[in-house]
Amino acid sequence: MLELLLPPALILVLGAFLIGPVRAPLRPLIVLGAPLLTLYAIWQMEDGILLTAQFLGYEIQLIEASPLRRLFATIFAIMAFAGGLFAFRQAKWWELAAAQAYAAGAIGVSFAGDLITMFLFWELMAIFSTVVVWCGGTEGARRAGIRYATMHLLGGVLLKIGIEGVMIHTGSIEIQPIPLTNFDGWLILIGVLINAAAPPVSAWLADAYPESSPSGSVFLSAFTTKTAVLALILLFPGEQILIWIGLYMIFYGIIYALLENDMRRILAYSIVNQVGFMVCGIGIGTEMAINGAAAHAFAHIIYKALLLMSAGSVLYMTGRRKCSELGGLVHSMPLTAICGIIGALAISAFPYTSGFVTKSMISQAAADQHFTTVWLLLVAASAGVFLHAGIKFPWFVFFQKDSGLRPKDPPWNMRAAMVLFSVACIALGVFPQWLYGLLPYPVDYEPYTASHLVSQFQLLLFSGLAFFALLPLMKRTLTLSLDTDWLWRVAGFHLGRGMVNGLARLRAGILQVADGLWRQLANGPWRHGALAYQSTSRMLSWALLVLLILVSAKFLL
Amino acid sequence: MTDPHRKSWLYRPENRGKLWWGFALVLAATVLAQLAFPLHGHFGFDEWFGFNALFGFASCAAMVILAKVLGFLLKRPDSYYDDDA
């Protein structure tokens, strides 16, 4: 094993360090080359524990490879490449460097063999994803970045307390299924779920991601939530509570996306929705369900990045982000529109796209377990995905009305990244066995049966009918929707300000009283009355008397 | 208006009806396809004629209406958070 083991995360960390100092013409080489080299390194590794080190008296496993871990690392590396391709000519170099360090964190988590290593890379992601949010460059991005960092550092603290609890109580730092029988397990679960944008804090995602730059949201959509999905698969497979958390996320995403006007915020809500499908699959926990969750994460990263590239191109070319200000762009941005529509069809699980061959595994797993309610909700949600992301996003951005805007398609590198991922969406849909061969368990599932095709076409097209029939109910308004983030953006803010003001008033009051006392001391009867000009011994005896009273009171009580 | 996009086929009002008819034909075809390819469900009810069509439409309608109702409670002007400092 000594023959040249290249730790994949290290390649990207080095890349991130180099992007800044090297001369500008060399930057694309690193932005695009480091992810490809990482991909090569990922596929050179055999299964098992490959690299260990000593840390705080524990033997930590820096690299542990398995098919599941390789699957996630692979898509993270592909994402770092395609995102870099989309971004490298337009984004600032510090955004590119931060994104590469962020990807390094995600790949580090993928191969982390123990909880300490996982936590270290987890925090690396938190830090550099915050930098990516800040690269949005606006006042809104700055504030959203602070809220985002606060949420993730809080999640990190909970995760760390949980990990320390597990270390103390079991003596093991192995990554293995953790039973939810005590506080430690729950804290780890909560820490991981915060990154998955689970309730009640799902709002952080739709708050922060749309404030990033056109390319920033492409990177952000991929890593944080999907490493959380991987961590859930490794640590909490088959925990039933995840089914219901997942279903909540699914419908939360749909409803909020239906209410939303900002095109990238619609897509952000639909990330929560899609991660909900994965979390639900992990909760079902059978081999089929885990395969489905992993495959869906792989497919989702591609089509969601594609959708955000399409939206990012529109934002880059027009500077506008609200559906109410967009529309009719299909004529002047045909390639962006086509790629956006392919992404929209893939997220809707349209036959012959990637979503069709992955999402159906999760509902199939629910059916195999005879979970009737769960299955019905998953089918309704599939229809809802077509509604809120599959039609709503392309319709309001590229069709709807003529907004009068005539932007061209974006520069060549942005187009190339979109075409690459569009091809990937269709290729995975047409040749699902490529992806099925990479899954952790053997796949015994055939997505392309006449029965599945007919039922899926019925489901999706009648959802489309519902969309157009109820279009008047979905008129765009210049609004945002209140969410739990109201608690920390408004209530928490006023509470905090109230406390600060209260303390300030208390301080002022104390000062005033003290001042008054001082004045009385200085100018009061002391100066002229019987007590004025007392000798020190007299003063001392007064003090002794008071002390005596206090001491005797203490003894008597 | 010499704007070429105004004349796009998709947007001409007289084509609206044609688009709806075309859509209706496709919708009918997906339901009728069930006669040629019987569905293999897991629960029984999912093999009923037109189940997916009806369920898809009904659940979407329910979600749109739910969103509309929640919107009355949750929607705020999009400058709502702008003055938090």
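Residues numbered from 1 in each chain as written. Chains lettered and ligands numbered in written order. Predicted model: local features only at pLDDT ≥ 70, side-chain atom pairs only at ≥ 80, totals over all residues.

1. A few points about the overall build of chain A
Phase 1 of the analysis: Check the secondary structure of chain A and you find 22 helices and three strands.
Phase 2 of the analysis: Dimensions of chain A, computed from the C-alpha atoms along their principal axes, are close to 105 × 60 × 60 Å. (Helix = DSSP H or I, 4+ residues; strand = E, 2+ residues; numbered from the N terminus.)

2. Focus on the overall build of chain B
Phase 1 of the analysis: For chain B, the helix and strand inventory stands at two helices and one strand.
Phase 2 of the analysis: Across the 85 residues of chain B, 16% fall into the buried class. (Buried ≥ 20, exposed ≤ 12 C-beta atoms within 10 Å, placed from the backbone.)

3. A word on helix H14 (residues 334-347) of chain A
Residue and element names in this part refer to chain A.
Phase 1 of the analysis: In this model H14 runs 20 Å from its N-terminal to its C-terminal C-alpha over 14 residues, within 8% of the 20 Å that 1.5 Å per residue would give.
Phase 2 of the analysis: Within H14, the full set of buried residues consists of Thr-336, Ala-337, Cys-339, Gly-340, Ile-341, Ile-342, Gly-343, Ala-344, Leu-345, Ala-346 and Ile-347.
Phase 3 of the analysis: Tucked inside the fold, the buried residues of H14 contact helix H12 (263-284), helix H13 (287-318), helix H15 (354-368), helix H16 (372-398) and helix H17 (412-430). (Expected span 1.5 Å × (residues − 1). Contact = placed C-beta atoms within 7 Å.)

4. A short note on H13 of chain A
Residue and element names in this part refer to chain A.
Phase 1 of the analysis: Look at H13: 46 Å from first C-alpha to last across 32 residues, which is about the 46 Å you get at 1.5 Å a residue.
Phase 2 of the analysis: Of all bends in H13, the biggest is about 25 degrees, found at His-300.
Phase 3 of the analysis: For H13, a buried count of 29 out of 32 residues is recorded, marking the element as mostly surrounded by other parts of the structure.
Phase 4 of the analysis: Just past H13, the residue Gly-319 takes up positive phi, approximately 75 degrees. (Bend = angle between axes of the 7 residues up to and from the residue.)

5. What to know about the pairing of strand E1 (residues 48-55) of chain A
Residue and element names in this part refer to chain A.
Phase 1 of the analysis: Taken together, the seven bridges between E1 and strand E2 (residues 58-65) define a ladder with antiparallel strand orientation. Bridge assignment links Thr-52 to a residue of E2, and that residue is Gln-61.
Phase 2 of the analysis: A loop of two residues connects E1 with E2, the two strands running antiparallel in sequence, and Leu-56 in this loop sits at a positive phi of about 50 degrees. (Pairing = 2+ DSSP bridges.)

6. Describing the interface of chain B and chain A
Phase 1 of the analysis: Counting residues at the interface gives 37 residues for chain B and 41 residues for chain A.
Phase 2 of the analysis: Within the residue set of the side of chain B that touches chain A, elements represented by two or more residues are helix H1 (16-36), helix H2 (51-74) and strand E1 (75-77) of chain B.
Phase 3 of the analysis: The biggest single contributor to the side of chain B that touches chain A is H2 of chain B, with 16 residues.
Phase 4 of the analysis: Direction of pairing for strand E3 (residues 479-481) of chain A relative to E1 of chain B: antiparallel, over a ladder of three bridges. Each bridged residue has a counterpart across the sheet, and for Thr-479 of chain A the counterpart in E1 of chain B is Pro-77 of chain B.

7. So, the confidence of the model for chain B
Residues and elements named next belong to chain B.
Phase 1 of the analysis: Across chain B, the average pLDDT comes to 83, with 87% of residues at 70 or higher.
Phase 2 of the analysis: Here H1 stands out as the element of chain B with the lowest mean pLDDT, 88, in contrast to H2, whose mean of 93 is the highest.
Phase 3 of the analysis: Reported for the predicted complex are a pTM of 0.89 and an ipTM of 0.88. (pLDDT = per-residue confidence, 0-100.)

8. Thoughts on the packing of helix H19 (residues 450-469) of chain A against H2 of chain B
Phase 1 of the analysis: One can describe the packing of H19 of chain A onto H2 of chain B by two numbers: an axis separation of 7 Å at closest approach and a directional angle of 35 degrees. Here H19 of chain A and H2 of chain B pass one another in a crossing that is right-handed. The residues of H2 of chain B that touch H19 of chain A, namely those facing Ser-455, Gln-458, Leu-459, Leu-460, Phe-462, Ser-463, Leu-465, Ala-466 and Phe-467 of chain A, are Asn-52, Ala-53, Gly-56, Phe-57, Cys-60, Ala-61 and Val-64 of chain B.
Phase 2 of the analysis: Of the residues that constitute the contact of H19 of chain A with H2 of chain B, the class distribution is eleven nonpolar, five polar and no charged. (Axes fitted to C-alpha atoms, helices over the stretch in contact; angles between N-to-C directions. Left-handed = near helix turned anticlockwise from the far one by under 90°. Nonpolar A, V, L, I, M, F, W, Y, C, P; charged D, E, K, R; others polar.)

9. Topic: the nonpolar core
Residue and element names in this part refer to chain A.
Phase 1 of the analysis: The biggest cluster of nonpolar side chains holds 214 residues, and the ones touching the most others in it are Phe-76, Tyr-102, Ala-103, Leu-232, Val-279, Ala-305 and Leu-306.
Phase 2 of the analysis: Per-element tally for this core: the top contributor is H13, with 21 residues.
Phase 3 of the analysis: Apart from the residues within four sequence positions on either side, Leu-306 is in contact with Cys-339, Ile-342, Gly-343, Met-418, Phe-421, Ser-422 and Cys-425. (Core = buried A, V, L, I, M, F, W, Y, C linked by C-beta atoms within 7 Å.)

10. A closer look at the packing of H15 of chain A against H16 of chain A
All names here are of chain A.
Phase 1 of the analysis: At a minimum axis separation of 8 Å, H15 and H16 run at an interaxial angle of 160 degrees. Viewed along their axes, H15 and H16 adopt a mutual orientation that is roughly antiparallel. As for how H15 packs across H16, the hand of that crossing is left-handed. Across from Lys-359, Ile-362, Ser-363, Ala-366 and Ala-367 in H15, the residues of H16 making contact are Val-374, Trp-375, Leu-378, Val-379 and Ser-382.
Phase 2 of the analysis: Residue composition of the contact of H15 with H16, grouped by class: seven nonpolar, two polar and one charged. (Parallel < 35°, antiparallel > 145°, perpendicular 65-115°, else oblique.)

11. What about the confidence of the model for chain A?
Phase 1 of the analysis: Within chain A, residue pLDDT values average 92, and 97% of them lie at 70 or more.
Phase 2 of the analysis: Put simply, helix H21 (residues 525-528) of chain A is where chain A has its lowest mean pLDDT, 57, and helix H10 (residues 223-235) of chain A is where it has its highest, 97.

12. Side note on the environment of Lys-160 of chain A
Phase 1 of the analysis: Turning to its location among the elements, Lys-160 of chain A is positioned in helix H6 (residues 139-170).
Phase 2 of the analysis: As a C-alpha pair, Lys-160 of chain A and Leu-120 of chain A span 40 residues in sequence and 9.8 Å in three-dimensional space.

13. So, unusual backbone geometry
Residue and element names in this part refer to chain A.
Phase 1 of the analysis: Geometrically, the link from Pro-199 to Pro-200 is a cis peptide bond, its omega value of 5 degrees lying close to zero.
Phase 2 of the analysis: One can find Pro-200 in the loop between helix H7 (183-195) and helix H8 (203-208).
Phase 3 of the analysis: Unusually for a residue other than glycine, Ala-197 sits at a positive phi of about 60 degrees.
Phase 4 of the analysis: With respect to the helices and strands, the residue Ala-197 is situated in the loop between H7 and H8.
Phase 5 of the analysis: Of note in this structure, Gln-400 is not a glycine but carries a positive phi near 50 degrees.
Phase 6 of the analysis: The exposure class of Gln-400 is partly exposed, given the 19 C-beta atoms found within 10 Å.

14. A short note on the environment of Ile-178 of chain A
All names here are of chain A.
Phase 1 of the analysis: With respect to the helices and strands, Ile-178 occurs in the loop between H6 and H7.
Phase 2 of the analysis: Sequence separation between Ile-178 and Leu-232 is 54 residues; the distance between their C-alpha atoms is 10.0 Å.
Phase 3 of the analysis: Discounting residues that sit within four places of it in the chain, Ile-178 has contacts with Val-166, Gly-185, Ile-188, Leu-235 and Phe-236.

15. Topic: the environment of Ala-293 of chain A
Residue and element names in this part refer to chain A.
Phase 1 of the analysis: Considering the arrangement of structural elements, one finds Ala-293 in helix H13.
Phase 2 of the analysis: Separated by 254 residues in the primary sequence, Ala-293 and Leu-547 place their C-alpha atoms 74 Å from one another.
Phase 3 of the analysis: Not counting residues within four places of it along the chain, the set of residues in contact with Ala-293 comprises Val-229, Ile-233, Met-278, Gly-281, Ile-282 and Ile-362.

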